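Here is what each chain is made of, one letter per residue.
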Amino acid sequence: MDEETRVNTVVSRLRDAGYRITPQRMALIEILCQSDRHPSAGQLHEQLKQRFPTTSLATVYKTLNVLKEVGEVMEIGFAGSDARYDSAHPDPHPHLICVQCRRIEDIDVQQLKPESQVEKIAERSGYRILSYRMDVYGLCPRCQQEMAESQAAAS
């Protein structure tokens with residue numbers, strides 16, 4: 001789905017749920033839909049302040065909570081660090097996460113087929129699965145390169 005269509009989908013969903021579309025809320029939706037980086041609330045706030053300097057971090061969190069409530073943003077929480085947000089793909093899907101720089105990338109779901117695994121888990125356990133999350137942790141190519149360079153320099 002292209003960016004403009006995604007923005008329109010999110011706006012329609014909010015309106016259908018009875019929420020107003022303020023200029024700040026619209027700008028935050030646009031920032032989220034443009035991002036492929038899974039930004040934190042703080043990062044979103046910094047970007048939003050460029051257009052609306054008096055916008056508070058609380059406004060960002062309130063909007064993110066509304067977007068989560070209507071199913072248009074996925075929160076990716078981590079122990080010991082800020083949650084990150086994905087609006088481009090708000091449905092459950094797997095991520096590659098660098099343990100060094102905290103970069104998050106989407107994994108091509110077609111390769112993994114996590115839905116079939118979740119269905120098997122539900123069938124075997126008797127659970128009604130509400131959501132799922134699959135994350136793969138490692139070192140991204142950039143961090144691997146930096147680590148190799150620092151090890152080479154130390155030798």
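These numbers were taken from a predicted model, which means no experiment stands behind them. (Residues numbered from 1 in each chain as written. Predicted model: local features only at pLDDT ≥ 70, side-chain atom pairs only at ≥ 80, totals over all residues. Heavy atoms only, no water.)

## Details of the overall build of the protein
Let me state the cut-off plainly: A helix here means a DSSP run of H or I that spans at least four residues, while a strand means a run of E at least two residues long, and both kinds are numbered starting from the N terminus. Classification of residues uses two cut-offs on accessible area relative to the type maximum, computed with a 1.4 Å probe and protein chains only: under 20% is buried, over 50% is exposed, and between them is partly exposed. Contact between two residues is taken to exist if any of their heavy atoms lie within 4.5 Å; hydrogens are not considered. Positive charges are assigned to Lys and Arg, negative charges to Asp and Glu, while His and the chain termini are left out of the count. In this description, the location of a charge corresponds to atom NZ of lysine, CZ of arginine, CG of aspartate or CD of glutamate.
A tally of regular secondary structure across the protein gives seven helices and five strands. For the protein, the α and β elements follow one another from N to C terminus as α-α-α-α-β-β-β-β-α-α-β-α. Expressed along its principal axes, the backbone C-alpha trace of the protein runs to roughly 60 × 50 × 30 Å. Looking at the protein as a whole, 34% of its 155 residues are labelled buried. Of the contacts formed within the protein by residues at least 6 apart in sequence, a portion of 48% connects residues at least 24 apart. Taking the 19 positively charged and 22 negatively charged side chains of the protein as two groups, their mean positions are separated by 5 Å.

## Quick word on the side chain of Arg6
Condition: Within 3.5 Å is the distance limit for a polar contact, defined as a pair of N or O atoms, with the added protein rule that one can donate a hydrogen and the other accept it, and that residues adjacent in sequence qualify only through two side-chain atoms.
The topology assignment puts Arg6 in helix α1 (residues 3–16). Within polar-contact distance, the side chain of Arg6 engages the backbone oxygen of Ser87 at 2.7 Å. In contact with Arg6, other than residues within four places in its own chain, are Met1, Cys33, Glu72, Ser87, Ala88 and Pro90.

## A look at the pairing of strand β3 (residues 95–98)
Defined as follows: Here, any two strands with at least 2 DSSP bridges between them count as paired.
Bridge analysis of β3 against strand β4 (residues 104–106) gives three bridges, and the strand direction is antiparallel. For Leu96, the partnering residue across the bridge sits in β4 and is Glu105. The hairpin turn running from β3 into β4, its antiparallel successor, is five residues long, and Arg102 in that turn takes a positive phi close to 70°. In this sheet, strand β5 (residues 135–138) lies alongside β3 in parallel orientation, the contact comprising four bridges. If you follow Leu96 over to β5, its bridge partner there is Val136.

## Notes on the packing of helix α2 (residues 23–34) against helix α4 (residues 57–69)
For clarity, the threshold we go by: With axes taken as lines fitted to C-alpha atoms, and helix axes fitted only over the stretch in contact, angles between N-to-C directions fall between 0 and 180 degrees. The scheme is simple: roughly parallel for angles under 35 degrees, roughly antiparallel for over 145, roughly perpendicular for 65 to 115, oblique for anything else. By definition, any crossing whose near helix is turned counterclockwise from its far helix by less than a right angle is left-handed, and any crossing with a clockwise turn is right-handed. Each residue gets one label: Ala, Val, Leu, Ile, Met, Phe, Trp, Tyr, Cys and Pro are nonpolar, Asp, Glu, Lys and Arg are charged, and the others, such as Gly, are polar.
For the pair α2 and α4, interaxial distance at closest approach is 11 Å and the crossing angle is 70°. Classified by the interaxial angle, the pair formed by α2 and α4 is roughly perpendicular. Pair α2 / α4 crosses with right-handed handedness. Across from Arg25, Leu28, Ile29 and Leu32 in α2, the residues of α4 making contact are Val60, Thr63, Leu64, Val66 and Leu67. Among the residues making up the contact of α2 with α4, the classes are represented as seven nonpolar, one polar and one charged.

## Concerning α2
Defined as follows: Here a helix's expected span is defined as the number of its residues, less one, multiplied by 1.5 Å.
The terminal C-alpha atoms of α2 lie 16 Å apart, and with 12 residues this matches the ideal 16 Å at 1.5 Å per residue to within 8%. Within the span of α2, buried status applies to Arg25, Ala27, Leu28, Ile29, Ile31, Leu32 and Cys33. Close packing links the buried residues of α2 with α1, α3 (41–51), α4 and β2 (81–86).

## Remarks on the nonpolar core
So the rule is basically this: By nonpolar core we mean a set of buried residues, namely Ala, Val, Leu, Ile, Met, Phe, Trp, Tyr and Cys, connected to one another through side-chain atoms within 4.5 Å.
Ranked by size, the top nonpolar core spans 21 residues in total, and within it Ile29, Leu44 and Tyr85 carry the most contacts. Looking at this core, the elements with two or more residues in it are α1, α2, α3, α4 and β2. No other element matches α2, which puts six residues into this core. If we skip the residues at most four places from it in the chain, Ile29 touches Val7, Val10, Val11, Leu14 and Leu67. Counting residues in hydrophobic clusters, the runner-up holds five residues, among them Met74, Ile76, Phe78 and Ile104.

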